[in-house]
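Secondary and tertiary structure notes
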Amino acid sequence: MPSVNGCDTLHEVRETTAIRSVTSIDVAKLAGVSQSAVSRAFSSSASISDRTRQKVLAAAAALGYRPNRIPSIMLSGRSCMVGVVIGGLDNPFYASALERLAIALRQAELQVLLVQVDDALTLDTALDQLASYRIDAIVTSLAVGSKSVADALSELQTPVICFNSSLVGPWISTVVSNNYGAGQTAAGIFLKQGVTNPVWLAGPAKNAASRARAEGFCDTLKRASGHSGALIKLRGDDTYQSGYNAVRRLLQRGVRPDGIFSSNDMMACGVLDALRERGELHCPDDVIVVGYDNIPQAAWHGYDLTSFDQRTDQMVAVAMDMLDTALQTVDHPYSETRLINAQLIERGSTRPGN
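Parameters at a glance
- Residues numbered from 1 in each chain as written.
- Predicted model: local features only at pLDDT ≥ 70, side-chain atom pairs only at ≥ 80, totals over all residues.
- Heavy atoms only, no water.
- Helix = DSSP H or I, 4+ residues; strand = E, 2+ residues; numbered from the N terminus.
- Buried < 20%, exposed > 50% of the residue type's maximum accessible area, 1.4 Å probe, protein only.
- Lys, Arg positive; Asp, Glu negative; His and termini not counted.
- Salt bridge = Lys/Arg side-chain N within 4 Å of Asp/Glu carboxyl O.
- Phe/Tyr/Trp six-rings, centres within 6.5 Å; stacked < 30°, edge-to-face > 60°.
- Lys NZ or Arg CZ within 6 Å of the ring centre and 35° of its normal.
- Pairing = 2+ DSSP bridges.
- Axes fitted to C-alpha atoms, helices over the stretch in contact; angles between N-to-C directions.
- Contact = heavy atoms within 4.5 Å.
- Parallel < 35°, antiparallel > 145°, perpendicular 65-115°, else oblique.
- Left-handed = near helix turned anticlockwise from the far one by under 90°.

1. Describing the side chain of Asp238
Inspection of the secondary structure puts Asp238 in the loop between β7 (232-235) and α11 (240-252). It is Arg213 that comes nearest to the buried, bridge-free Asp238 among opposite-charge side chains, at 6.5 Å.

So this is what it looks like as structure tokens:
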């Protein structure tokens, strides 16, 4: 290494930094370059020769130096940090969405700040946490739960990209699974299979996606000529146990449905186990079952569940495209809604091919 101000070895530089944090000045000394060259070496857009950059990176690695990004954040007002709000990770759908989001954000060279919420459905409880960080944007698989929260998020003037939110506003965009259309498709399956005693198993009342699936399903059944069965409506909380309990109670009352559409796969798996345990009705011979989300368990042999795949990969790709647009128009409120058609995955729970 070249000599700078009397320090010409790695050992000597390390001795001078033994009782304090390594700075860009130390890296510059060891690499034999200016301090500004160190700053440029860690900037993807700065002009610097490959030879100088490699010298700086080698010196930084030898000293264990990591650049302090706070000064650049203060100067530019941009942190390149995106708040990712998570909740409900006991549902594999949310876990999958989070993983795909994190990978996409890393590939875009954006830093991830995880914010955990207790409510697995909405952003409402994350508002205070989000307001306290200097983040460039918020991306989440959760929805905006109320108009007041949408207004409060808009006041932050930070782009928000979410999944399956029925509420948007200035600065808030959403990519939405075609929940209504999927509900129509599910009803079409029931009509084709000759179901006369259908059951709709809803998620929580504040779940906008569940409500849209119900509307598509119920509207189509009502419009169908010759459909005389009365629709039975049950409610769960999107968990396996709630689906199991809802159908177990239904069977205890002596009700014999021949088709059950569940708002999500977690509840549908509970439905199938409840049917299996009681042994009165067999799927698919006596009752067909349809779920939503196409979680890994849906393909397990014990469930073999027909389900709607929200195409998380496409939803994340669209969300990242919306994020890119939002970050390029940070001086103006960006709001957009894009619709993604869910893909029906037919399995044994609906007798595919019959």
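2. Some thoughts on the packing of aromatic side chains
Two aromatic rings, taken as a pair, are described by how far apart their centres are and by the angle between their planes. Overall, the coordinates contain 8 aromatic pairs when judged by the stated rule. Put simply, the rings of Phe190, Trp200, Phe217, Phe261, Tyr292 and Phe308 pair up and form one aromatic cluster. Geometry around Tyr292 places Arg213 over its ring, the cationic atom sitting 3.6 Å from the centre.

3. Here we look at the sheet that holds strand β11 (residues 337-340)
Read across the sheet, 6 strands follow the order β2-β1-β3-β4-β5-β11 without closing on themselves; strand pairing throughout is parallel. Strand pairing shows two members of the sheet lacking a second neighbour, β2 (111-116) and β11, which therefore form its edges. The sheet shows a mean angle of 20° between the axes of neighbouring strands, taken without regard to direction. Relative to strand β3 (residues 137-140), strand β1 (residues 81-86) runs parallel, the two sharing 4 bridges. Following the sheet pairing, Val85 is matched in β3 by Thr140. Across the face of the sheet, helix α13 (residues 312-328) comes into contact with β1, β3, β4 (160-163), β5 (172-177) and β11 while running at roughly 165° to β5.

4. Observations concerning the pairing of strand β6 (residues 198-202)
Residues in a regular strand project their side chains so that they alternate between the two faces of the sheet. The element β6 is largely enclosed, with a buried count of 5 among its 5 residues. What you see with β6 is no split at all: Pro198, Trp200 and Ala202 on one side and Val199 and Leu201 on the other are buried throughout. With 4 bridges connecting them, β6 and β7 associate as parallel partners. Bridge assignment links Trp200 to a residue of β7, and that residue is Lys233.

5. Focus on the environment of Cys80
Among the secondary structure elements, Cys80 is positioned in the loop between α5 (70-76) and β1. Those residues in contact with Cys80, other than ones at most four positions away along the chain, are Leu110, Gln111 and Asp136.

6. Quick look at the packing of helix α9 (residues 179-192) against helix α10 (residues 208-223)
Viewed as axis vectors pointing N to C, α9 and α10 meet at an angle of 40°, and their least axial separation amounts to 7 Å. Here α9 is positioned oblique relative to α10, judged by the angle of their axes. Handedness of the crossing formed by α9 with α10: right-handed. Touching Asn179, Tyr180, Gly183, Gln184, Ala186, Ala187, Phe190 and Leu191 of α9 are Ala209, Ala212, Arg213, Glu215, Gly216, Phe217, Asp219, Thr220, Leu221 and Arg223, all from α10.

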